[in-house]
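Residue-level listing of the chains:
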Amino acid sequence: MKVITNRTYGSADVLKIEELETPAPKENEVLIRVHATSVNYGDLIARNFKAVTPREFNMPGFFWLMAKLAFGLQKPKITILGSQFAGEVEAIGTEVQKYQSGDQVFGYLGQNMGAYAEYISVPENAVMAKTPVNMSNEEAVILSYGPIMALSLLRKMNIQPGQKVLVNGASGSIGAAAVQIAKHYGAEVTGVCGTPRMDFVHALGADHVIDYTQQDFTQGAEQYDLIFDVLGKSSFAKCKRVLKANGRLLYASFKLKQLIQMLWTSLFGNQKVICAMAPGSLDDLLAVKDLAVAGHLKAIIDKTFPMEQAAAAHAYVESGQKKGDVVITM
Ligand SMILES: NC(=O)c1ccc[n+]([C@@H]2O[C@H](COP(=O)([O-])OP(=O)(O)OC[C@H]3O[C@@H](n4cnc5c(N)ncnc54)[C@H](OP(=O)(O)O)[C@@H]3O)[C@@H](O)[C@H]2O)c1
């Protein structure tokens, strides 16, 4: 089978096509012919982790160290990227019950990655589900990252109809899903993004869009029940004045400082800082699938690249131009 490998750390050009042996499914595994995978934040980080400093890493230094050990110090340990997949079940192990050959499936492999391959073999109880009828592989593959991260984090926030929610980083994979999910919960949603992506965020359903190059949302007149900061670009000190008395500031990316603020605000004051990790669970994937089937969540494909152009796909995402997600077809 053909795979896209990254044998060394570096720019997008390190991605090469190689021939490897097709895996055979174990008793409890499903062999999937992957038709689509994607380029997400984790793929870019893992491809070039040697160059990522603790300062650039959007998590506390301890997490950077753990990631360094997991990804490899000098050379990548993970040589096939891709945490998202959509495709067709080609064969099943002798003990598999949930799936059969020909089933269309999509799912999330998490940090172990490996979906930049024509075939993957995964346990039947992995974070995987049957693809909704009439949904393409390209659409399904997108559901398995941004939407499950956004849903996992927002579910815990218990958003009520009429609440005001601001999403900082609304044009990205997680933010675009967060805007749609918060709207589904009945919130009045403000999306914050750069100038070229304002129409895109409006089209997602945001009631208001703030261009961060023109306006600092922390200086505005509006107050929010929830500020969801995907990239951790804001500070609690500045957000306090635009958070309601019981408002919450949710960080998907955070440092030690925000963790200390979370601890402090859990003990004192009514405004809370929350730093949260999304596990990317099967439960979240199934909930995302339900939302998509019900029409409350759309997968937004910006561009699709064939596997031979994986380097161009990575370079495009790194250029910061994407609106929605970038798919690689295998
Ligand atoms: N907590 C968790 O469990 C978890 C899980 C996965 C990922 N993450 C974190 O999520 C982040 C990646 O999110 P993603 O995959 O959605 O990234 P993404 O698709 O690359 O999107 C990031 C978006 O942020 C926008 N942006 C850049 N600078 C901004 C600023 N100053 N203010 C507001 N928006 C800005 C960019 O839009 P413009 O071009 O419009 O500026 C871009 O569309 C990473 O930091 C990662 O660590 C957390």
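Procedures and definitions
- Residues numbered from 1 in each chain as written.
- Predicted model: local features only at pLDDT ≥ 70, side-chain atom pairs only at ≥ 80, totals over all residues.
- Heavy atoms only, no water.
- Salt bridge = Lys/Arg side-chain N within 4 Å of Asp/Glu carboxyl O.
- Helix = DSSP H or I, 4+ residues; strand = E, 2+ residues; numbered from the N terminus.
- Buried < 20%, exposed > 50% of the residue type's maximum accessible area, 1.4 Å probe, protein only.
- Pairing = 2+ DSSP bridges.
- Axes fitted to C-alpha atoms, helices over the stretch in contact; angles between N-to-C directions.
- Contact = heavy atoms within 4.5 Å.
- Polar contact = N/O pair within 3.5 Å; in protein donor to acceptor, adjacent residues only side chain to side chain.
- Parallel < 35°, antiparallel > 145°, perpendicular 65-115°, else oblique.
- Nonpolar A, V, L, I, M, F, W, Y, C, P; charged D, E, K, R; others polar.
- Near = heavy atom within 4 Å.
- Areas by Shrake-Rupley, 256 points an atom, 1.4 Å probe, with all protein chains shown as cover.
- Domains from an automatic or database assignment.
- Buried area = accessible area lost by both parts, 1.4 Å probe.
- Arc of directions from axis to C-beta.

Undergrad: An account of the pattern of salt bridges is needed here, citing residue identities and associated values.
TA: What the rule picks out here adds up to ten salt bridges. We note a salt bridge from D207 to K183, for which the minimum N-O separation is 3.0 Å. Of this pair, D207 sits in the loop between α6 (198–203) and β10 (208–211) while K183 sits in helix α5 (residues 173–184), placing them 24 residues apart in sequence. Relative accessible area serves as the criterion here: at 30%, K183 is assigned to the partly exposed category. For K238, the salt bridge goes to D216, with nearest N and O atoms at 3.6 Å. In this pair, K238 sits in helix α7 (residues 236–239) while D216 sits in the loop between β10 and β11 (224–229), placing the two residues 22 residues apart along the sequence.

Undergrad: Break down the sheet that holds strand β9 (residues 188–193) for me, citing the residues and quoting the values.
TA: The strand order across the open sheet formed by six strands is β10-β9-β8-β11-β12-β13, and the pairing between neighbours is parallel. Each edge of the open sheet carries a strand with a single partner, namely β10 and β13 (272–275). The mean inter-strand angle of the sheet, taken between neighbouring strand axes irrespective of direction, is 15°. In terms of strand pairing, β11 meets strand β12 (residues 243–251) through five bridges, oriented parallel. Bridge assignment links D229 to a residue of β12, and that residue is Y251. Contacts from α5 reach β8 (164–168), β9 and β11 within the one sheet, and its direction differs from that of β8 by about 170°. Here helix α8 (residues 256–267) sits on the sheet in contact with β12 and β13, set at roughly 135° to β13.

Undergrad: Can you explain the environment of N6? Please cite residues and give values.
TA: Mapped onto the elements, N6 comes out in strand β1 (residues 2–6). As a C-alpha pair, N6 and N48 span 42 residues in sequence and 9.4 Å in three-dimensional space. What N6 contacts, discounting residues up to four positions off in sequence, is V14, L15, R47, P76, I78, T79, I80 and L81. A polar contact is formed between the side chain of N6 and the backbone oxygen of I78, at a distance of 3.0 Å.

Undergrad: Can you tell me about the environment of D103, naming the residues and giving the values?
TA: Structurally, D103 can be placed in the loop between β4 (84–92) and β5 (104–108). Since its relative accessible area comes to 13%, D103 is described here as buried. As a C-alpha pair, D103 and M1 span 102 residues in sequence and 20 Å in three-dimensional space. In contact with D103, not counting residues within four places along its chain, are G87, E88, V89, K98 and K130. A polar side-chain atom of D103 sits 2.8 Å from the main-chain amide nitrogen of Q100.

Undergrad: Quick one: what's the story with the pairing of β1, residue by residue and with numbers?
TA: Extensive coverage of β1 is indicated by the burial of four of its five residues. Bridge count for β1 against strand β2 (residues 15–19) is five bridges, and the pairing is antiparallel. Across the sheet, the residue bridging to V3 is E18, located in β2.

Undergrad: Provide a residue-level description of the packing of helix α4 (residues 146–155) against helix α9 (residues 282–293), including the pertinent values.
TA: The interhelical angle for the contact between α4 and α9, taken along N-to-C directions, is 105°, at an axis separation of 9 Å. Our classification of the angle between α4 and α9 gives roughly perpendicular. Contact residues: α4 offers P147, I148, L151, S152 and R155, while α9 offers D283, D284, L285, A287, V288 and L291. The class makeup of the residues in the contact of α4 with α9 is seven nonpolar, one polar and three charged.

Undergrad: Can you explain the site of the ligand? Please cite residues and give values.
TA: For the ligand, the set of nearby residues contains 23 residues, the closest of which are N58, Y145, Y212, S253 and A278. At 2.9 Å from an oxygen atom of the ligand is found a main-chain nitrogen or oxygen belonging to I174. Y212 is positioned with one of its side-chain polar atoms (N or O) 2.3 Å from an oxygen atom of the ligand. In isolation the ligand offers 940 Å² of accessible surface; the protein chains occlude 84% of this area. Residue assignment places the shell around the ligand across two domains, with domain 1 (2–145 + 280–329) and domain 2 (157–275) each supplying three or more.

Undergrad: Now, about the domain arrangement of the protein: what can you tell me, with residues and values included?
TA: Partitioning the protein into domains gives domain 1 (2–145 + 280–329) and domain 2 (157–275). Relative placement of domain 1 and domain 2: their C-alpha centres are 27 Å apart. Taken together, the 18 residues of domain 1 in the interface contact 19 residues of domain 2. Summing both partners gives a buried area of about 1500 Å² for domain 1 against domain 2, and 59% of it is carried by carbon and sulfur. Put simply, domain 1 and domain 2 have zero salt bridges between them.

Undergrad: Give me helix α10 (residues 310–318): which residues, what numbers.
TA: A310, A313, H314, Y316 and V317 are the residues of α10 that are buried. The buried side chains of α10 occupy one side of the element, clustering within an arc of 160° when seen end-on. In this structure, the buried side of α10 is in contact with β1, β2, α1 (41–47), β14 (301–306) and β15 (325–329). In the segment just after α10, G320 is the residue with positive phi, at about 80°.

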